[in-house]
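Okay, here's what each chain looks like letter by letter:
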Amino acid sequence: NGQLVLDSKSTNYSYGSLQRILRKGLKYIGFERIKKFESILVLGVAGGSVIKTLVDEIKFKGKITGVEIDQDIIAVANNYFGLDKIENLEIVIDDAFEYVLKTKLTYDLIIIDIFQDTTMPNFLFEDFFIQRINSLLNLNGFILFNTMVINKKHEERNQIYRSKFNGNYSLRMYPKVEIHNELFTIKKLG
């Protein structure tokens, strides 16, 4: 439709359906609320469509840190989507798991959008990673987690993930966003 998208053989990585999915997640959190945040962490940048949504649509002026393992994808994002023109964005080339272990910063919104084609790395669902992410989240901050649910095993994995958040968190699941995606919004309560 006259739009550039970033696709693999079997999935959309940026712009197109993925941008619609993450925009819905951001809408669930609330554009006005996000606008007031100071710091956002994006784990899994790819072409940067969610960053474009934050900057162009929500008019977010705070600090965005994007973590992406694949330097070549960032080169594509810079060349075709102008990611390097966004002044309040810092791109870190690193493994998301490693970055989360090392960083001393905290965030008002953490967006997790990590796929290897249509599969999701197991570490995203492990207690250690979940606890580490939670420790990086400011009070009243949000996690937006995009997952893919193609089979029963994935459904069960997501139910187990859901059960890991106690009364200190307000968790919502949004199933069947663009058929195979299930979004979580998780708020850290005071």
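Everything numeric in this text was worked out from a predicted model, so none of it was measured.

(A) Spatial organisation of the pattern of salt bridges. For the coordinates displayed, the defined rule picks out seven salt bridges. Residues Glu32 and Lys35 are paired through a salt bridge, measuring 3.6 Å at the closest nitrogen-oxygen approach. On the criterion of helical spacing, the pair formed by Glu32 and Lys35 is a turn pair, its members being three residues apart in helix α2 (residues 31–35). Residue Lys35 is classed as partly exposed on the basis of its relative accessible area, which comes to 37%. When the shortest N-O distance is used, the salt bridge between Lys164 and Asp127 registers 2.5 Å. Residue Lys164 is found in the loop between α7 (152–163) and β8 (169–177), and its partner Asp127 is found in helix α6 (residues 127–136); the two are separated by 37 residues along the sequence. Assessed through its relative accessible area of 39%, Asp127 is described here as partly exposed.

(B) Structural view of the pairing of strand β9 (residues 181–188). Among the eight residues in β9, seven count as buried, and that is most of the element. Pairing analysis gives seven bridges linking strand β7 (residues 137–148) to β9, with the strands arranged antiparallel. Opposite Phe145, over in β9, you have Phe184 as the bridge partner. Summarising the sheet, β8 and β9 pair through seven bridges and their orientation is antiparallel. The partner of Ser170 across the bridge, within β9, is Lys187. Hairpin connection between β8 and β9: a loop of three residues separates the two successive antiparallel strands, and Glu178 in this loop has a positive phi of roughly 55°.

(C) Focus on the nonpolar core. By size, the foremost hydrophobic cluster in this structure holds 31 residues, and its most contacted members are Leu43, Ile110, Ile112, Leu124 and Phe145. Taken together, the elements giving at least two residues each to this core come down to β3 (39–43), α5 (96–102), β6 (107–112), α6, β7, β8 and β9. If we ignore the near neighbours within four places in the chain, the residues touching Phe145 are Ile112, Met120, Leu124, Phe125, Tyr161, Glu182, Leu183 and Phe184. Listed in part, the 28 residues of the second largest apolar core include Val45, Ile64, Leu89 and Leu183.

(D) Summary view of the pairing of β6. Burial analysis of β6 places six of its six residues in the buried class, which makes it a mostly covered element. Note that β3 and β6 share four bridges and pair parallel. Across the sheet, Leu43 pairs through a bridge with Ile112, a residue of β6. Across five bridges, β6 lies against β7 in parallel orientation. From the neighbouring strand, Ile112 faces β7, where its bridge partner is Phe145. Running through α6, the crossover from β6 to the neighbouring parallel element β7 is right-handed.

(E) Representation of the packing of aromatic side chains. In total, this model carries 12 aromatic pairs according to the counting rule given. One aromatic cluster in this structure is built from Phe125, Phe145, Tyr161, Phe165, Tyr169 and Phe184.

(F) Quick look at the environment of Asn140. On the secondary structure map, Asn140 appears in strand β7. Residues Asn140 and Leu189 lie 49 residues apart in sequence; the distance between their C-alpha atoms is 5.3 Å.

(G) The arrangement of the sheet that holds β8 in detail. If you walk across this open sheet you meet the seven strands as β5-β4-β3-β6-β7-β9-β8, and the pairing is mixed. Each of the sheet's edge strands pairs with one partner strand only, and the pair in question is β5 (89–93) and β8. Strand after strand, the sheet turns through a mean of 15° between neighbouring axes, direction not considered.

Cut-off values and rules
- Residues numbered from 1 in each chain as written.
- Predicted model: local features only at pLDDT ≥ 70, side-chain atom pairs only at ≥ 80, totals over all residues.
- Heavy atoms only, no water.
- Salt bridge = Lys/Arg side-chain N within 4 Å of Asp/Glu carboxyl O.
- Helix = DSSP H or I, 4+ residues; strand = E, 2+ residues; numbered from the N terminus.
- Buried < 20%, exposed > 50% of the residue type's maximum accessible area, 1.4 Å probe, protein only.
- Pairing = 2+ DSSP bridges.
- Core = buried A, V, L, I, M, F, W, Y, C linked by side-chain atoms within 4.5 Å.
- Contact = heavy atoms within 4.5 Å.
- Right-handed = clockwise from strand over helix to strand, strands pointing away.
- Phe/Tyr/Trp six-rings, centres within 6.5 Å; stacked < 30°, edge-to-face > 60°.
- Axes fitted to C-alpha atoms, helices over the stretch in contact; angles between N-to-C directions.

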